[in-house]
Amino acid sequence: MNLAQALAAGGIEPREARLLLAEATGLSAAAVLAHGERELAEAAKARYLEMVARRREGEPIAYILGRREFYGLSLAVGPAVLIPRPETERLVELALERLPLEADTIVADLGTGCGAIALAIKKHRPRARLVAIDESVAALEVAARNATQHALAVDWRHGRWFEATPRERFDLIVANPPYVAAGDPHLSMGDVRFEPPGALIAGSDGLDAIRAIVRDAPAFLREGTWLLLEHGGTQDAAVRAMLLDAGLADVATWPDLAAIARVSGGKLKSD
């Protein structure tokens, strides 16, 4: 079997087949296409066919490859963490807009998962101190590996939301918490079937985690600083109402590149 035959035999989306064959052979995706006549070594063939079989079963390609690109960083991922998604980059952009480049700041990332948000912020705001929290020890292990890979210093902490920051105030708090309602039909579709339920589901309406964060956040913000939250595309009105009820000012929602309401936030009023 040569490379071209392997691609044709995959039975999956062509772009994904190229990525998996590149992974199996150690070639680039471009080389896989350019050298279709090259014979496939038996070990590489076996590895490729095993990965294709996993993909046919619906396993996310990011888990099969063991990595995903996010905001210019190649990040290790696996079943212990959510797969970083392009829409979450909007949260990073909004965070960076609120963090001066030449200033010492402290930022909390709640529910950090693989560390995508914290590491992206740290890369672009090197003077910021990042405190990243997750209640999953397995997720924190993945995040710590990613930090080591990119030589980025983050203070990883185990706990639920603000439990790991009992006496600190921050210049910015960001979170991409669970926001899917229990019983949502999307939980049985696509990649989410393989992702950790605890990082997806937040009560009967999907808002339990956001409620808990918004309720407690004012006690951990410095005056005039922001809380930014990713949420579902139909949850923006409910989240804005929570932010207003918590006494935050300048409450707003920002869309992602698909024009879906994606991030809402507010800031602690200055006296």
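Our structure is the block above this text.
Residues numbered from 1 in each chain as written. Predicted model: local features only at pLDDT ≥ 70, side-chain atom pairs only at ≥ 80, totals over all residues. Heavy atoms only, no water.

A. How the structure looks around helix α4 (residues 42-56). Taking 1.5 Å as the rise per residue, α4 with 15 residues should run 21 Å; its terminal C-alpha atoms sit 21 Å apart, in good agreement. Looking at the packing, one finds that the buried side of α4 touches α1 (3-9), α2 (14-25) and α5 (61-65). Looking one or two places after α4, you find G58, whose phi comes out positive at around 100°. (Helix = DSSP H or I, 4+ residues; strand = E, 2+ residues; numbered from the N terminus. Expected span 1.5 Å × (residues − 1). Contact = heavy atoms within 4.5 Å.)

B. The packing of helix α9 (residues 208-216) against helix α10 (residues 236-245), seen in detail. Between α9 and α10, the shortest axis-to-axis distance is 9 Å and the interhelical angle comes to 25°. Judged by the angle between their axes, α9 and α10 are roughly parallel. Seen along the crossing, α9 lies across α10 with a hand that is right-handed. Here α9 contributes I210, R211 and V214 to the contact with α10, which in turn contributes V239, M242 and L243. Tallied by class, residues from the contact of α9 with α10 come to five nonpolar, no polar and one charged. (Axes fitted to C-alpha atoms, helices over the stretch in contact; angles between N-to-C directions. Parallel < 35°, antiparallel > 145°, perpendicular 65-115°, else oblique. Left-handed = near helix turned anticlockwise from the far one by under 90°. Nonpolar A, V, L, I, M, F, W, Y, C, P; charged D, E, K, R; others polar.)

C. Broad picture of the sheet that holds strand β3 (residues 106-110). The strand order across the open sheet formed by seven strands is β5-β4-β3-β6-β7-β9-β8, and the pairing between neighbours is mixed. The two strands at the open ends of the sheet, each matched to only one other strand, are β5 (155-158) and β8 (248-255). Sheet twist, expressed as the mean angle between neighbouring strand axes with direction ignored, is 15°. Taken together, the five bridges between β3 and strand β4 (residues 129-134) define a ladder with parallel strand orientation. Counterpart to D109 in the pairing with β4 is A132. Contacts from helix α6 (residues 89-97) reach β6 (170-175), β7 (221-230), β8 and β9 (261-268) within the one sheet, and its direction differs from that of β7 by about 165°. In this fold α10 packs onto β7, β8 and β9, with an angle of close to 165° to the strand it touches most, β8. (Pairing = 2+ DSSP bridges.)

D. Here's a closer look at the pattern of salt bridges. One pass over the structure, following the stated rule, counts 23 salt bridges. Notably, a salt bridge pairs R15 with E13, separated by 3.9 Å at the nearest N-O pair. For R160, the salt bridge goes to E135, with nearest N and O atoms at 2.8 Å. Placement of R160 in the loop between β5 and β6 and of E135 in the loop between β4 and α8 (137-150) is noted, with a sequence separation of 25 residues between them. A relative accessible area of 35% places R160 in the partly exposed class. Through salt bridges with shared partners, a single network forms among R129, D155, R157 and E168. (Salt bridge = Lys/Arg side-chain N within 4 Å of Asp/Glu carboxyl O. Buried < 20%, exposed > 50% of the residue type's maximum accessible area, 1.4 Å probe, protein only.)

E. Seen up close, the side chain of T225. As for its position among the elements, T225 is in strand β7. Polar contacts involving the side chain of T225 include one to the main-chain carbonyl oxygen of F170, which spans 3.2 Å. In contact with T225, other than residues within four places in its own chain, are F170, D171, L172, G266, K267 and L268. (Polar contact = N/O pair within 3.5 Å; in protein donor to acceptor, adjacent residues only side chain to side chain.)

F. Focus on unusual backbone geometry. Unlike most non-glycine residues, A151 shows phi in positive territory, near 55°. Along the chain, A151 turns up in the loop between α8 and β5. Phi at A259 takes a positive value of approximately 65°, unusual for a residue other than glycine.

G. Fine view of the pairing of strand β1 (residues 67-70). Pairing of β1 with strand β2 (residues 73-76), which is carried by four bridges, proceeds in the antiparallel orientation. If you follow E69 over to β2, its bridge partner there is S74. Here β1 folds back onto β2, and the loop between the two strands holds two residues, one of which, Y71, carries a positive phi near 50°.

From the geometry alone we can't say anything about function, so treat these as descriptive.
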